[in-house]
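# Coordinate inspection notes
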Amino acid sequence: MSVVDSLLSGRRFGKFASVGVVGAVFDVTTATVLREVGVFPELAVFIGIEVAIVVMFLLNDNWTFAEQGAAGVGAALRRLLRSNLVRAGGILVQLATFRFLYRVVALELTVLDVDGWFVVSKVAGIGTGMLVNYVAESLVTWQVGRG
């Protein structure tokens, strides 16, 4: 399968997106809880992102891209490190989107005593970073279409 065919695989993208939903739940929940207990918003967002990255890596490594990459703990740890480095672009896109919406657009929205605009801004950031992450993870972390 060519690199382009691998990237356009509806099955693989569907798995990646499903894992992304699970990651988003961990991300938003972690960040929102931290924000509600007084953690600085951007720090709460960053911690939520990192929790999601680890959760999504484990799911992607064992399901979405299970047939890719070498076996063993050492190889998996190298992929996890590579995944964190590769996702830096998606993280920057996500943080920039969050910061723009939360700090510049800055709407008031409270839902059940929770800062709803924080959650909306967080989810919008996740969405903008997803495509960047899919392409980068596919090509660099799991090296689809090679070998």
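See the structure shown above.
Computed from a predicted model, the values in this text were never measured in an experiment.

Reading the values: the criteria
One numbering rule holds for all chains: residues counted from 1, following each sequence as written. Selection of residues for local features in this predicted model requires a pLDDT of at least 70, selection of side-chain atom pairs for listing and counting requires 80 or more, and totals for whole chains, interfaces and linings are taken over all residues. The basis for every side-chain value is the complete set of non-hydrogen atoms in the structure, without hydrogens or water. Per the convention used, a helix needs a DSSP run of H or I reaching at least four residues, while a strand needs a run of E reaching at least two, with both numbered from the N terminus. Working rule for helices: expected span equals 1.5 Å times residues minus one. We call a residue buried when its accessible area falls under 20% of the maximum for its residue type, exposed when it is over 50%, and partly exposed in between, using a 1.4 Å probe and counting protein chains only. Taking the helix axis as origin, the arc is that swept by the directions to the C-beta atoms. Residue contacts are counted whenever heavy atoms from the two residues lie within 4.5 Å of one another. What makes a salt bridge here is a side-chain nitrogen of Lys or Arg within 4 Å of a carboxyl oxygen of Asp or Glu, nothing more.

## A look at helix α4 (residues 73-86)
Count 3.6 residues to each turn of an α-helix, and residues three or four apart come out pointing the same way. Helix length check: α4, at 14 residues, gives a terminal C-alpha distance of 19 Å against a target of 20 Å (1.5 Å per residue), a fit within 8%. Those residues of α4 not exposed but buried are Ala75, Ala76, Arg79, Ser83 and Val86. In a view along the axis of α4, the buried residues occupy a sector of 95°, so they form one face of it. Residues of α4 that are exposed and point more than 90 degrees away from the buried face comprise Val73, Leu77, Arg78, Leu81 and Leu85. The secondary structure elements touched by the buried residues of α4 are α3 (41-64), α5 (88-105) and α6 (116-141).

## Overview of unusual backbone geometry
Located in the positive-phi region is Ala106, a residue other than glycine, with phi close to 45°. Within the fold, Ala106 resides in the loop between α5 and β1 (110-111). On the accessibility criterion, Ala106 (39% relative accessible area) is partly exposed. Backbone geometry places Asp113, a non-glycine residue, at a positive phi of 65°. Locating Asp113 in the fold gives a position in the loop between β1 and β2 (114-115).

## Things to note about the pattern of salt bridges
Tallied over the full model, the rule gives four salt bridges. Arg103 serves as the salt-bridge partner of Glu42, at 2.9 Å between the closest nitrogen and oxygen. With Glu42 in helix α3 and Arg103 in helix α5, the pair connects residues that are 61 residues apart, well separated along the chain. Accessibility expressed as a relative area gives 38% for Arg103, which makes it partly exposed. What you see here is one network of salt bridges that share partners, running through Glu42, Arg99 and Arg103.

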